[in-house]
Amino acid sequence: MTWLNRDVTEIGGQRLHPETLMMGYGYFPGLSEGAVKCPIFQTSTFVFRSAAEGKHFFELAYGLKEPRPQESPGLIYSRLNNPNLEILEGRLAIWDGAERALAFSSGMAAISTCLFALCRPGDSVVHSTPVYGGSDFLLDKVLPDFGIRTVDFQAGTGPAARRAAVDKARETGRIAAIYVETPANPTNALVDLADCAQLAGELEAKQGFRPPVIVDNTYLGPLWQRPLDHGCDIVVYSLTKYIGGHSDVVAGACMGTRVALEPVHLMRTILGTMTDPHTAWLLMRSLETLEIRFRKSVDNAVKVADFLRSHPQVESVSFLGFLDPDSADGKLYARQCLAPGATFSFFVKGGEAEAFKVLDALQLVKLAVSLGGTESLASHPAAMTHSDIEPARRAELGITENMIRVSIGIEHPDDLIADFRQALGSL
Ligand SMILES: Cc1ncc(COP(=O)(O)O)c(C=O)c1O
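Sequence order as written defines the numbering, with residues in each chain counted from 1. Owing to the predicted nature of the model, reporting of local features is limited to residues with pLDDT of at least 70; listing and counting of side-chain atom pairs is limited to 80 or more, with chain, interface and lining totals taken over all residues.

A.B. asks: For this particular structure, what's the right way to read the pairing of strand β6 (residues 175-181)?
C.D. replies: Across a regular strand the side chains alternate sides, sitting on one face of the sheet and then on the other. β6 sits mainly inside the fold: seven of its seven residues count as buried. Pairing between strand β4 (residues 124-129) and β6: four bridges, direction parallel. When the bridges of β6 are listed, Val125 appears paired with Ala177. Across four bridges, the pairing between β6 and strand β7 (residues 213-216) is parallel. Of the residues in β7, the one forming a bridge with Ile178 is Val213. Viewed along the sheet, the connection from β6 through helix α7 (residues 193-207) into β7 turns out right-handed. Residues with at least 20 neighbouring C-beta atoms inside 10 Å of their own are called buried, those with 12 or fewer are called exposed, and the rest are partly exposed, where every C-beta is derived from the backbone. Secondary structure follows DSSP: runs of H or I at least 4 residues long count as helices, runs of E at least 2 residues long count as strands, and numbering of each begins at the N terminus. Any two strands with at least two DSSP-identified bridges between them are counted as paired. A clockwise course of the path from the first strand over the helix to the second, judged with the strands pointing away from the viewer, identifies a crossover as right-handed.

A.B. asks: Can you walk me through the site of the ligand in this structure?
C.D. replies: As a rule, any residue with its backbone-derived C-beta atom within 6 Å of a molecule or strand is reported as near that molecule or strand. Taken together, the neighbourhood of the ligand is formed by 16 residues, with Ser106, Gly107, Met108, Tyr132 and Ser238 sitting nearest. Looking at the shell around the ligand, the elements with two or more residues in it are α4 (107-118) and α5 (133-145). For the shell around the ligand, the class distribution of residues is four nonpolar, 10 polar and two charged. For this classification, the nonpolar set comprises Ala, Val, Leu, Ile, Met, Phe, Trp, Tyr, Cys and Pro, the charged set comprises Asp, Glu, Lys and Arg, and every other residue, Gly included, is treated as polar.

A.B. asks: Is there a simple way to think about the nonpolar core in this case?
C.D. replies: What tends to happen in soluble globular proteins is that the nonpolar side chains get buried as a cluster. By size, the foremost hydrophobic cluster in this structure holds 122 residues, and its most contacted members are Ala103, Cys114, Val125, Cys196, Ala253, Cys254 and Leu283. No other element matches α4, which puts eight residues into this core. Contacts are defined on C-beta atoms placed from the backbone: any two residues whose C-beta positions lie within 7 Å are in contact. Setting aside residues up to four positions removed in sequence, Ala103 forms contacts with Leu85, Leu88, Glu89, Leu92, Ala251, Ala253, Met274, Thr275 and Ala280. We define a nonpolar core as a collection of buried residues of the types Ala, Val, Leu, Ile, Met, Phe, Trp, Tyr and Cys that are connected via C-beta atoms lying within 7 Å of each other.

A.B. asks: Looking at this structure, how should I read the sheet that holds strand β11 (residues 343-348)?
C.D. replies: As a general point, the strands of a sheet are linked pairwise by backbone hydrogen bonds and lie either parallel or antiparallel. Ordered in space as β10-β11-β14-β13-β12, the five strands form an open sheet in which the pairing is mixed. Among the strands making up the open sheet, the edge pair consists of β10 (314-318) and β12 (366-367). Judged from the five bridges that link them, β11 and strand β14 (residues 403-407) form a sheet pairing that is antiparallel. What sits directly across from Phe344, in β14, is Val406. An axis is simply a line fitted to the C-alpha atoms; with a helix, the fit covers only the stretch in contact. Between two such axes, the angle follows the N-to-C directions and lies from 0 to 180 degrees. Relative to β14, helix α13 (residues 352-361) is tilted by about 30°, and along the sheet it contacts β11, β12, β13 (377-379) and β14.

A.B. asks: Looking at this structure, how should I read the packing of helix α3 (residues 83-96) against helix α10 (residues 277-288)?
C.D. replies: To characterise two packed helices, one gives the angle between the axes of the helices and the distance between these axes. Viewed as axis vectors pointing N to C, α3 and α10 meet at an angle of 30°, and their least axial separation amounts to 8 Å. Relative to α10, α3 is oriented so that their crossing is left-handed. For the pair α3 and α10, the contacting residues are Asn84, Leu85, Ile87, Leu88 and Arg91 in the first and Pro277, Ala280, Trp281, Leu283, Met284 and Leu287 in the second. Of the residues assigned to the contact of α3 with α10, the class counts are nine nonpolar, one polar and one charged. Definitions for this section: a left-handed crossing has its near helix turned counterclockwise from the far helix by less than a right angle. A right-handed crossing has that turn clockwise.

The following block contains the structure:
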């Protein structure tokens, strides 16, 4: 009975699917008055049954003692642990096939806590570019201020560019991590994850330490890309996007093995970058519909991208579904991705003025940054999320003035197409 067993993952030989497990995994109604839904544990601290119990809980939390078999750490204080956080993390890990997940107060909290946990002054980080504007600022401006050098390679290029970046980074010291965002925001350029994992292995032989490959998987999410299956070590997410999915929470996550995440967990406890109980509860609700929301968004995106591609005012559409299957990128896409996702860019004929005209004319699709919500959004990366990048570098990366990024939601596809048609008609 589920009343008694909160962690049923198999029934009569049938391994339960993630979308099924999202309805109850990790939650024990018997501990919460039989409530079918997990309540919000809106509390900062937890009462110990005795001083000895409190002592034992701290010994486990601080790693002073090993837990007994099947023993989970006791609840102490909501910066360290909380039932909503723990149940959410158990469910998040299922999607990526990870041993462990950690939830954070934002995607940037996850990324920065992870990199600060793994890097030391004198280290280097090799990373793909472009990446989300905030991650770019962290890599390009913040980490160097802490004595951490960063060397980039362009997404969409082959293994030689990655190895050249690694050779350059090794000139000054240890490579502490390889950080990758694929597909890249906002160009959808791809990075070969299996090759990055192989590169980490080659580095282990050279520097006696395997730099973890950290992958920002926000764009495709665990449904359409599984970086751990390609040998990568840590997956990071902005849960604000598809996983939260309703544009009403800001949160993030890291997934990986227990060992890989141990220093990240410790850093999270000290920086206090965990998610709060209410946000964790909202995310548990979101996880129940992740599969149907994301599948519908992708179906809609295919239709909208098809429409845009055929429009006379559109120069091109960088939709993963349009890659030539015989090209290097097309082959990589087939190996690495399970669907094209629902965020992509299109390029109008003209420049900023024409792109702004289309954005201002949209009636249903909202003019806002972010992505992955139930509603469709459109934005102008060059003037908004990526405006911090020098114009010459932006152009080199393909983030041009005529680029419009869209995140396609779950509205009726005909209505979305009608809106894009009338907006493009304003040109
Ligand atoms: C790919 C990607 N990674 C990370 C982030 C940062 O996430 P958050 O805004 O939740 O901090 C974003 C935000 O747009 C993003 O698009």
